[in-house]
Amino acid sequence: MEIGRNYVNFISVLVSLLLWGCWGSNLEDFLHCISSNSSNSTLLYTQSSSSYSSVLNFTIRNLRFSGPNVPKPIAIIKPSQPSQVQAAVICCNNHDLRIRVRSGGHDFEGLSYVANVTFVVIDLVNLNSVTVDIENNTAWVQSGATQGEVYYKLGLKSSAFGFPGGVQPTVGIGGFLSGGGYGMMVRKYGLGADNVVDALLVDANGRLLDRDSMGEDLFWAIRGGGGGSFGIVLAWKLKLVPVPPTVTSFAAYRSLDQNATDLVHRWQFVAPVIDERLFIGVIVSGLILILFFFRGGGRRTKGAFFYSLFLGKAEELIPIMEKSFPELGLKKADCLETNWVESTAYPASGFVTANDLNVLLDRDPLSSGRFKTKSDYITEPISEAALDGIWERLDADGIETVQLVLIPYGGKMNEIAETELPSPHRDGYPIKIGYYVTWESPEADMRHLEWSREVYEYMAPFVSKSPRAAYVNYRDLDIGTNNEDGTPTSFEEASVWGLKYFGVNFERLVRVKTMVDPCNLFRHQQSIPPMAQPKING
Ligand code: FDA
């Protein structure tokens, strides 16, 4: 249902809304507010719209947050103009409706489309333009664009520049950059957010601000302080990074029988310190290696999957590997040479081919399952005995698919100060771990959630401490939350999870939040809390 300025259907819609319950009259006022505040027609879906469910489900990635028992928004707004986002913010504020902003919908805890209070989803899926300025090595990218769309459009303009975005093409730029964002060029160019030079944001007052008008504190906070706290970022100006004409990818699977334990153990000493043009990630997996992160088939086994991108030719890569990681036994025949944009299609195709760039534009979910994710950072290499304990847990009874994704940092990450952006885990945090467990049936929820908590507990002695650090883009409500309605608990309680995600930067994030959104319009269970509610009349 489209509700525009010439409301042909508007009256009948309102009448039907009035009939369906207690929210009717408030919803009527809200819809009226939207229409009188936006200059163009706004796509707006209510629960009585025939396409409401398909619009809501379009980018839901975790089926744990789908289904009849999950709270639904009273309306979904799909703006195509900044003014419509401004109107939506003003009207949600006026009508005391919580906002959930969604770009790509990959939030691990569903925070972009679920709330426990009456709420509206502002879905940026139609704000997805990518405008590349090759002469100045920059691109303006709207938040609703996927990473795949960005790579694809960069590739159309030039093979000399890339962007250090993530591995999975369907992830939205909006959420990715809001949480920092790592990818396969993280060791050479840092996080995605390290390469953002301007942004357009709608603040809690509905104002449209750029870097100059928002000021450096807010511009700092939105590049890694986590989505849904400071406003709605409509677009990001990216600094493109140089890439060589030929890059090299490889993917190598080693089962337990092929010394996977020794290889993963050795990898920890190599991957974070090797040539910074080389990224070698590892997926440690039990049962079916479905490559949840990527597309592709499965393998019923326990083992380690090494996947890599090298910014150079295979003939340069092989001597580096022979010197630093001969145990893997990499041969030139195992390598795939392409240009950079093709290399982004290779993992997207499940490491099958780099020839089909269309895979970058495919927004279909890779997994229709339910999942839970947690994160950690390894500061000292884990012993082989400790790795054995991980393998044991990977085939626990009744647990479907498990993957531990190990990401090497080092390189450029060590050169960027922990306070440069809200993402503090750089020097001293050489390896990030993501724990993923996926399953099919709602009846298996509890078993898998408990499994993830048990593994997390097992890992405690082997990972960072005081605080035990976590990655905000791997949202995990187990580590602490605000109240259900997003209002802050106490600063001390918020610090428990805040310090894990943001370390020394948490306090500055709270100060920025207090300055730009003191009434806490943008809030969810893990949004940055303001210091205190402002006093009326000073
Ligand atoms: P979504 O739309 O759900 O938003 C995530 C959060 O940001 C929500 O709180 C939302 O409200 C907020 N938000 C979204 N758009 C916003 C905007 N425009 N302004 C303000 N707030 C906004 N991460 C990584 O760093 N590297 C990787 O390689 C991967 N790979 C990966 C693969 C898969 C399969 C998944 C499911 C996830 C990842 N991630 C990842 C994690 C990913 O970066 C993280 O979930 C992002 O927040 C997802 O961004 P989306 O826009 O897709 O999510």
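Numbers given for residues are sequential positions, taken from 1 along each chain in its written order. The model is predicted, so local features are restricted to residues of pLDDT at least 70 and side-chain atom pairs to those at 80 or more, both for listing and for counting; the totals for chains, interfaces and linings are taken over all residues. The side-chain quantities take in all heavy atoms of the structure and omit both hydrogens and water.

**Structural notes on the overall build of the chain**
Now for step 1: Under the scheme used here, helices are H or I runs from DSSP no shorter than 4 residues and strands are E runs no shorter than 2 residues, and both carry numbers assigned from the N terminus. Summing up its helical and strand segments, the chain has 17 helices and 19 strands in all.
Now for step 2: With C-alpha atoms as the basis for the radius of gyration, the globule rule is written as 2.2 Å multiplied by the number of residues raised to the power 0.38. A compact globule built from 538 residues would reach a C-alpha radius of gyration of about 24 Å, and the chain, at 23 Å, matches this within 12%.
Now for step 3: Its C-alpha atoms give the chain principal-axis dimensions of roughly 70 × 50 × 45 Å.
Now for step 4: Whether a residue is buried, partly exposed or exposed follows from its accessible area with a 1.4 Å probe, protein chains only, as a fraction of its type maximum: under 20%, in between, or over 50%, in that order. Expressed as a percentage of the 538 residues in the chain, the buried residues total 59%.
Now for step 5: Methods summary: accessible areas were calculated by the Shrake-Rupley approach with a probe of 1.4 Å, and residue burial reflects only the protein chains presented. Entry remark: accessible area of the chain is about 20,200 Å², with carbon and sulfur atoms responsible for 50%.

**With respect to the side chain of Gln526**
Now for step 1: You can see Gln526 is positioned in the segment after helix 17 (506-516).
Now for step 2: For Gln526, a relative accessible area of 1% gives the class buried.
Now for step 3: In protein, a polar contact requires one atom able to donate a hydrogen and another able to accept it; more generally it is a pair of N or O atoms within 3.5 Å, and residues adjacent in sequence count only if both atoms are side-chain atoms. In this structure the side chain of Gln526 is engaged in a polar contact, spanning 3.2 Å, whose partner is the side chain of Arg475.
Now for step 4: Here, two residues are considered to be in contact whenever any of their heavy atoms come within 4.5 Å of each other. The contacts of Gln526, once residues within four sequence positions are left out, are Arg475, Asp476, Leu477, Ile479, Gly480, Thr481, Asn482, Trp497 and Tyr501.

**A short note on helix 5 (residues 147-157)**
Now for step 1: When we look at burial in helix 5, the residues that qualify are Gln147, Gly148, Glu149, Val150, Tyr151 and Leu154.
Now for step 2: Residues of helix 5 that are buried in the fold lie against strand 6 (130-133), strand 7 (138-142), strand 8 (161-162), helix 6 (173-178), strand 11 (232-239) and helix 12 (340-348).

**Digging into the pattern of salt bridges**
Now for step 1: Throughout this description, the term salt bridge denotes a Lys or Arg side-chain nitrogen within 4 Å of a carboxyl oxygen of Asp or Glu. Per the stated rule, a full pass over the model turns up 24 salt bridges.
Now for step 2: Arg508 is paired through a salt bridge with Asp217; the nearest N and O atoms lie 2.7 Å apart. With Arg508 in helix 17 and Asp217 in helix 9 (residues 216-222), this pair connects stretches of sequence that are 291 residues apart.
Now for step 3: With relative accessibility at 32%, the residue Asp217 sits in the partly exposed group.
Now for step 4: Put simply, Lys374 and Asp476 hold a salt bridge, and the shortest N to O gap is 2.8 Å. With a gap of 102 residues between them, Lys374 in strand 17 (residues 370-378) and Asp476 in the loop between helix 15 (445-459) and helix 16 (491-502) connect regions that are remote in the sequence. Note on accessibility: Lys374 and Asp476 belong to one class, buried.
Now for step 5: Among the charged side chains, a network of salt bridges with common partners joins Arg64, Glu109, Lys372, Lys374, Arg453, Asp476 and Asp478.

**Here's the deal with the site of the ligand**
Now for step 1: The nearness test applies per residue and asks whether one of its heavy atoms lies within 4 Å of the molecule or strand. Taken together, 29 residues surround the ligand, and among them Val101, Ser103, Ser112, Val233 and Tyr471 come closest.
Now for step 2: At a separation of 2.8 Å, a nitrogen atom of the ligand approaches a polar backbone atom of Val233.
Now for step 3: Contacts to the ligand include Tyr471, whose side-chain N or O atom sits 2.6 Å from an oxygen atom.
Now for step 4: Within the complex, 98% of the 960 Å² of free accessible area of the ligand lies under protein.
Now for step 5: Considering every element that reaches the shell around the ligand, the biggest residue donor is helix 6, with three residues.
Now for step 6: Side-chain classes follow a simple rule in which Ala, Val, Leu, Ile, Met, Phe, Trp, Tyr, Cys and Pro form the nonpolar group, Asp, Glu, Lys and Arg form the charged group, and the remainder, Gly included, forms the polar group. Tallied by class, residues from the shell around the ligand come to eleven nonpolar, 16 polar and two charged.

**Description of the sheet that holds strand 18 (residues 401-408)**
Now for step 1: Two strands are said to pair when DSSP picks up at least two bridges between them. Spatially, the seven strands line up as an open sheet ordered 16-13-15-14-18-19-17, and their pairing is antiparallel. In the strand order of this sheet, the two ends are held by strand 16 (336-338) and strand 17, each with one partner. Taken pair by pair, the neighbouring strands of this sheet meet at an average axis angle of 20°, ignoring direction.
Now for step 2: Every axis corresponds to a line fitted to the C-alpha atoms, with the helix fit spanning only the stretch in contact, and the corresponding angles, defined between N-to-C directions, vary from 0 to 180 degrees. Most of the contacts of helix 15 go to strand 19 (residues 431-439), to which it runs at about 160°, and overall it touches strand 17, strand 18 and strand 19.

**A closer look at the packing of helix 10 (residues 260-270) against helix 13 (residues 384-394)**
Now for step 1: Close contact between helix 10 and helix 13 brings their axes to 10 Å; oriented N to C, the two are set at 125°. Taken as axis vectors, helix 10 and helix 13 run oblique relative to one another. For helix 10 against helix 13, the interelement crossing comes out right-handed. Contacts between helix 10 and helix 13 pair Ala260, Thr261, Asp262, Val264, His265 and Gln268 from the former with Glu384, Leu387, Asp388 and Trp391 from the latter.
Now for step 2: Looking at the contact of helix 10 with helix 13 residue by residue, the classes come out as four nonpolar, three polar and three charged. Roughly parallel means an angle under 35 degrees; roughly antiparallel means over 145; roughly perpendicular covers 65 to 115; every other angle is labelled oblique. In this scheme the handedness of a crossing depends on how the near helix is turned from the far one: anticlockwise by less than a right angle means left-handed, clockwise means right-handed.

**Structural notes on the environment of Asp427**
Now for step 1: Inspection of the secondary structure puts Asp427 in the loop between helix 14 (412-415) and strand 19.
Now for step 2: For the pair formed by Asp427 and Val496, sequence separation is 69 residues and the distance between their alpha carbons is 22 Å.
Now for step 3: What Asp427 contacts, discounting residues up to four positions off in sequence, is Met413 and Asn414.

**Section: the domain arrangement of the chain**
Now for step 1: The source of the domain bounds is an automatic or database domain assignment. What the domain assignment reports for the chain is domain 1 (10-126) and domain 2 (247-462).
Now for step 2: With eleven residues of domain 1 in contact, the opposing surface of domain 2 contributes 14 residues.
Now for step 3: Counting every contact that joins domain 1 to domain 2 gives one salt bridge.
Now for step 4: Taken together, the residues of the side of domain 1 that touches domain 2 break down into four nonpolar, four polar and three charged.

**Some details on the state of the cysteines**
Now for step 1: Working definition: a disulfide is two cysteine sulfur atoms within 2.5 Å of each other. By the definition in use, this model includes one disulfide.
Now for step 2: Residue Cys519 stays outside any disulfide, its sulfur separated by 15 Å from that of Cys92, the closest cysteine.

**With respect to the layout of surface pockets**
Now for step 1: For each structure, a 1 Å grid was placed over the protein atoms alone; sets of points admitting a 1.4 Å probe that cannot get out are labelled cavities, open sets with protein on both sides within 12 Å along at least five of seven lines are labelled pockets, and lining residues have an atom within 4 Å of a point. Grid points are joined across faces, edges and corners, and a volume is the space filled by probe spheres set on the points. Its volume calculated, the largest pocket comes out at about 390 Å³.
Now for step 2: Taken together, 21 residues make up the lining of the largest pocket; nearest its centre are Arg64, Phe65, Val70, Pro71 and Val114.
Now for step 3: When grouped by side-chain class, the residues that make up the lining of the largest pocket number eleven nonpolar, six polar and four charged.
Now for step 4: Shared between two domains, the lining of the largest pocket takes at least three residues from each, and those domains are domain 1 (10-126) and domain 2 (247-462).

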